[in-house]
Amino acid sequence: MQGKGAIRFFAIALAIACIYSLSFTWVAYRVEQKAIAASNGDPALEARYLDSVANIGIFNLGIKNFTYQQVKERQLNLGLDLKGGMNVTMEISLVDLIRSLSNNSQDSTFNKALRLAQERQSTSQKDFITLFSEAFTELAPNGRLASVFATQENRDRINFNTSDADVLRVLRAEGNSAIERSFNILRTRIDRFGVTQPNIQLQQGTNRILIELPGVTDPERVRKLLQGSAQLEFWETYDNAEVFGVLDAANKNIAAKIALTDTVKKTTTESITTSDTTGIALLNEIKGTDTTNASADFEKQNPLFAKLSPAIFQTEAGQQLQPGSVIGYAAMRDTAIVNRYLAQADVKALFPVNLRFAWGVKAFDNNNVFELHALKATTRDGKPALEGDVISNARDDFDQRGNPEVVMIMNADGAKTWRRITAEASADANNKKSVAIVLDGNVYSAPTVQNEIPNGISSISGNFKIEDTKDLANILKAGKLPAPARIVEEAIVGPSLGQEAINAGLLSSIAGLILVLIFMVVYYNRAGWVADVALVVNLFFVMGVMASLGAVLTLPGIAGIVLTIGMSVDANVLIYERIREELSSGKSFRVAISDGYKAAYSSIIDANVTTLITGIILAMFGSGPILGFATTLIIGILTSLFCAIFITRLIFEAKIDKSQTVPFFTKLSKNVFTEANYDFLGKRKIFFGVSSVIIVAGLISIFTKGLSLGVDFQGGRSYVVRFDDAVNTSEIRSTLAGAFNGAPEVKTFGESNQVKITTSYLINDNSEETDQIVEDKLKSGLVGFAGGTGEILSSQKVGPTIANDIKIGAIYAVLASFVVIFLYILYRFKRWQFGLGALVALLHDVLFLLALFSIFDGILPFSLEIDQAFIAAILTVMGYSLNDTVVVFDRIREYINLHHSKNDTLATVINNAINSTLSRTVVTGVTTIIVLSILFIFGGPVIRGFTFAMLIGVIVGTYSSIFVAAPVVVDFIRKKK
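This one's a predicted model, so the numbers in the text were calculated from it and none came from an experiment.

Once that is clear, we can look at helix α21 (residues 526-549). In a regular helix each residue adds 1.5 Å, so 24 residues correspond to 34 Å; α21 covers 35 Å between its end C-alpha atoms and thus fits that length. Within two residues after α21, Gly550 carries a phi angle of roughly 75 degrees, on the positive side.

The structure is reproduced here in structure tokens:
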């Protein structure tokens, strides 16, 4: 063996690098165990302990002393399905960006084109700007985009003579810029959020950003942090006394219209009572009765004041208007009605043209009552006096009373304007004005200005928690998003489910590995120990390389490691079977080792390259856990090749140097398959018939019964809920039907006390409150089942647009695999019949799996959903099947070249070739099936459908390489002749 020294050096260097990379994981684990012991199970004390050592050196390597924070950044990352946390896909709203670039044009064609583009986006792979352009041209064939976008703000780039193509170029440039800026702003926000090992990726070619936040326990806080656009504004305000008159006029105007239509909506006292201390005196005076006995007549006569209690307080002299910008109070359920009243055209005509209304960001008391503020536009274009772009810095702090607040520091221009605003507001000692601080359309605070503020430093205070001020300061410091960002896909995994996944996945994988190690020794004697050493070293290299690359270990990633075990064993089996053949022919141990390795190289490389192709395609088209699976698979293929070819060879060479031999047989395996002479091709029509019957039955089932699509492919929300006792899925489905305006899909998920609930309720509603609304309805609907509402272990949300993209991406991934694999087989074997045989076998495997998933869905006691994980399983099965097929083809090619005589038919030669690989096929299949079976039985419900697909796929793939691929090659070569 040439280059033994270089191979030893590389193996030792790789081992040292892996030990270095994995050492950080071990050190972090030890520190966290100390934190658990010191805190006695108190999470708050544990977090405080870890915070205290975050910047202290705990791992001294001599050349550098790493702090705990640095150690955590270098440890092996665990995915959300193992650690718990939140995974979201943000979509930058190009609709709002385009509308903003048109200066909110009211052109009917323009707005219809936007709506049409939005509708088509859920079923098209074209970018939004292209869809908008097509819709605009369709609605107005002779229209010009320049007429919409030739605004004052765009005068440097667009005028009335600009062509549509040039306008679209500007829109695309603005869109790309907005996406890039949004990515940077979101990354800054996430970095300051305090999450360990966050991951944020811009999905190239789209307006989407993928964000992974391991360990997050407050999803609502994350949603607010990510979706807040940070549109900060400083408004001058109207005083309550200045506005009350026009509000009274508006109230009478609305009452007159209601009287004309006689469509009074009856309400109860609760709907008009807002606070024990706010506006009650005025309401009593107007109604002439106690609030608890108010009749519908009051609402009929005062529809606005029935929903919006005026800001009035009681004094000894009587009722007085409350000073400041607050003009009224309304219960949260009534704010939408108040908004509709104030937005009516004839009502707006009563108000000053520069009057704007804005609600307070939070309820100011325990009755869920919100303040309505009167803002005053002081610029010609109706904008606020000052905007948030003047903020140069922001930090969370505490005011003099110890309450949390946010301190803002302005740049020079902002400080100058701020000084003028505050000077004017405080000029009249008897009538000091308020200045409202508005973020994303809500008033955070509206303090009365007591004195001029000359230095540009101000604060935002209110009913805040410490986390609120930290997040708000974070958002302000990072800057505002150029366009609204909405969550279109979301997955949340609770820490308890993550820990269960770790236990189930790792323990079952270890158990499977041990069984494989035992099998190799039983079948190959002491040579099996050599293969076991290579297998363990391979797993060590996989974990070390993953840690060094910062890759994420997910539950599908564990399945990838399982497949790596099978691939590693396969390479050793190919070599060992060749060596056994050489030994059986009478060659010496040294020569048999040398010739066996040489003869196996072609099959090993072809088999692994084809599987590598599927891994690369998965990495290109997949995201999240699927990307983790693909990464693990790619790393595993490369390391298994190195270990199988070089590590085992080094061990055998060491034995040869010591004049020792290694047995490759045991009494059980010595004569297994040595006399195999099965007529596989002679029975091919029988196997064609069996496969055809199953596939046809599956196709009938698919077209009649259908496939169970996961939320990945159909959109919707999915929740995994655990109860204390067993529950009836039919009862849950019927109970939730009313809450969700239709029966959701409810399936048992693992144990009988655990269910998976999937619904499309409000999936097209992009408002920030929707997620919480749906979750609240779910919880209220589950009250009383098994003694409680159940614990939501995980949730997933996929919008219809991204679901379509995922579905199309999956189809592209499968088709790309078919094309690339066919081309590779054609290149390696020089005959298109081999490529066609491989493709037919792959198509057979895919249809076979789809057939089984359709036929047995609802029959087997676990989920058989078609989702991203299933597509990963399909591609993996294709890789495995192709691996087996290529090995058979390689031996067929060899036999055709060496053994095809005039007396042997092509079928005889190919039968002999298949029989000669039978031992390898069975051993590889058995070892892979052992590990997958253990993972399927004990790996937990999260990946049971995934491992089921892989398990059946391995069996079917092994079958198709012998009974489908090879016969197709024979039949088409005969037809050609």
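Having seen the model, we can carry on.
What follows concerns the pattern of salt bridges. Summed over all chains, the structure comprises 18 salt bridges. The salt bridge partner of Arg420 is Glu424, with a shortest N-O separation of 3.4 Å. With Arg420 and Glu424 both in helix α18 (residues 412-425) and four residues apart, the pair spans about one turn of that helix. For Arg420, a relative accessible area of 39% gives the class partly exposed. As a salt-bridge pair, Glu581 and Arg578 come within 3.9 Å of each other at their nearest N and O atoms. Residue Glu581 and its partner Arg578 are both found in helix α22 (residues 555-584); the two are separated by three residues, about one turn of the helix. Residue Glu581 is classed as partly exposed on the basis of its relative accessible area, which comes to 32%. One network of salt bridges, in which partners are shared, links Arg578, Glu581 and Arg891.

A sheet is described by the order of its strands in space; here eight strands give the open sequence β5-β6-β4-β20-β25-β22-β24-β23, paired in antiparallel fashion. Strands with a single pairing partner mark the edges of an open sheet, and in this sheet they are β5 (199-203) and β23 (745-748). Between one strand axis and the next, the sheet turns by 20 degrees as a mean value, whatever way the strands run. In this structure, strand β22 (residues 716-722) lies alongside strand β25 (residues 791-798), joined through seven bridges in antiparallel fashion.

This part is about the packing of α22 against helix α33 (residues 918-938). α33 packs onto α22 with a crossing angle of 160 degrees between their chain directions and a minimal axis gap of 9 Å. Taken together, α22 and α33 sit at an angle that is classed as roughly antiparallel. Pair α22 / α33 crosses with right-handed handedness. Between α22 and α33, the contacting residues are Ala559, Val562, Ile565, Gly566, Val569, Asp570, Val573, Leu574 and Glu577 on the first element and Ser919, Arg920, Val923, Thr924, Thr927, Thr928, Val931, Leu932 and Leu935 on the second. Within the contact of α22 with α33, the residues separate by chemical class into ten nonpolar, five polar and three charged.

Moving on to the packing of aromatic side chains. Applying the stated rule across the entire model yields 33 aromatic pairs. With a centroid separation of 5.0 Å and an interplanar angle of 90 degrees, the aromatic rings of Tyr576 and Phe664 are classed as edge-to-face. Here the residue Tyr576 occupies a position in helix α22, and Phe664 occupies one in the loop between α24 (625-657) and α25 (684-704), the gap between them amounting to 88 residues. The buried category is assigned to Phe664, whose relative accessible area is 1%. On the basis of an interplanar angle of 35 degrees and a centroid distance of 5.5 Å, the ring pair of Phe652 and Phe664 is categorised as tilted. A residue pair is termed long-range when its members are at least 10 positions apart, and Phe652 in helix α24 and Phe664 in the loop between α24 and α25 qualify at twelve residues. Considered together, Phe652 and Phe664 belong to a single accessibility category, that of buried residues.

In this section: the state of the cysteines. Summed over all chains, the structure comprises zero disulfides. There is no disulfide at Cys18, and the cysteine sulfur nearest it, in Cys643, is 9.5 Å away.

This paragraph deals with a nonpolar patch on the surface. Residues Leu506, Leu507, Ile510, Ile514, Leu515, Ile518, Val522 and Leu668 make up a contiguous nonpolar surface patch of about 740 Å² in total accessible area. Checked against the element boundaries, Leu507 lands in helix α20 (residues 495-524). Overall, the relative accessible area of 57% leaves Leu507 in the exposed class.

This part covers helix α5 (residues 94-101). Within the span of α5, buried status applies to Leu94, Val95, Leu97, Ile98 and Leu101. Down the axis of α5, the smallest arc covering the buried residues is 165 degrees, so these residues share one side. Just downstream of α5, Asn103 is the residue with a positive phi angle, here 60 degrees.

The biggest cluster of nonpolar side chains holds 139 residues, and the ones touching the most others in it are Tyr576, Phe652, Phe870 and Ile892. Other than its neighbours up to four places away in sequence, Phe870 contacts Leu849, Leu850, Phe853, Glu865 and Ala949. In terms of nonpolar packing, the next biggest core, distinct from the first, is built from 50 residues, Met86, Phe149, Ile158 and Val216 among them.

Relative to the assigned elements, Ser760 resides in the loop between β24 (754-759) and α28 (770-781). For Ser760, a relative accessible area of 52% puts it in the exposed group. For the pair Ser760 and Arg717, spaced 43 residues apart in the sequence, the C-alpha separation amounts to 6.1 Å.

For the rest of this paragraph, the subject is unusual backbone geometry. Unlike most non-glycine residues, Asn525 shows phi in positive territory, near 65 degrees. Tracing the backbone shows Asn525 in the loop between α20 and α21. Despite not being glycine, Ser659 shows a phi value in the positive range, around 60 degrees. By secondary structure assignment, the location of Ser659 is in the loop between α24 and α25.

So, how was this worked out
Residue indices begin from 1 for each chain and proceed along its sequence in written order. Confidence filtering applies because this is a predicted model: local features only for residues at pLDDT of at least 70, side-chain atom pairs given and counted only at 80 or more, and all residues used for totals across whole chains, interfaces and linings. Each side-chain value is worked out from all heavy atoms of the structure, with water and hydrogens disregarded. Labels follow the DSSP assignment, with helices taken as runs of H or I lasting at least four residues and strands as runs of E lasting at least two, numbered in each case from the N terminus. Helix span, as expected, comes to 1.5 Å for every residue beyond the first. Within this document, salt bridges are pairs made up of a side-chain nitrogen of Lys or Arg and a carboxyl oxygen of Asp or Glu, the two lying within 4 Å of each other. Relative accessibility thresholds used throughout: buried, under 20% of the residue-type maximum; exposed, over 50%; partly exposed, between the two (1.4 Å probe, protein chains only). Should DSSP find at least two bridges between two strands, the strands are taken to pair. Only the stretch in contact is used when a helix axis is fitted, and all axes are lines through C-alpha atoms; the angle between N-to-C directions ranges over 0 to 180 degrees. In this scheme, roughly parallel covers angles under 35 degrees and roughly antiparallel covers those over 145, while 65 to 115 is roughly perpendicular and the rest are oblique. Here is the rule for handedness: rotate from the far helix to the near one, and if that takes an anticlockwise turn smaller than a right angle the crossing is left-handed, while a clockwise turn gives right-handed. Note on contacts: a residue pair qualifies if any of its non-hydrogen atoms lie within 4.5 Å across the two residues. Note on residue classes: Ala, Val, Leu, Ile, Met, Phe, Trp, Tyr, Cys and Pro are nonpolar, Asp, Glu, Lys and Arg are charged, and everything else, Gly too, is polar. Here is the rule: rings of Phe, Tyr and Trp (six-membered ring for Trp) pair when centre to centre is within 6.5 Å. Planes less than 30 degrees apart are stacked, more than 60 are edge-to-face, and the remainder are tilted. When the sulfur atoms of two cysteines come within 2.5 Å, that pair is taken as a disulfide. Patch criteria: residues need more than 30% relative accessible area and no salt bridge. Like-charged residues are merged within 9 Å; nonpolar side chains of Val, Leu, Ile, Met, Phe, Trp and Tyr are merged within 5 Å. Here, Shrake-Rupley sampling with a 1.4 Å probe gives the accessible areas, and only protein chains in the shown set may cover a residue. The arc in question is the one traced by the directions running from the helix axis out to the C-beta atoms. Take the buried residues of types Ala, Val, Leu, Ile, Met, Phe, Trp, Tyr and Cys, join any two whose side-chain atoms come within 4.5 Å, and each joined set is a nonpolar core.

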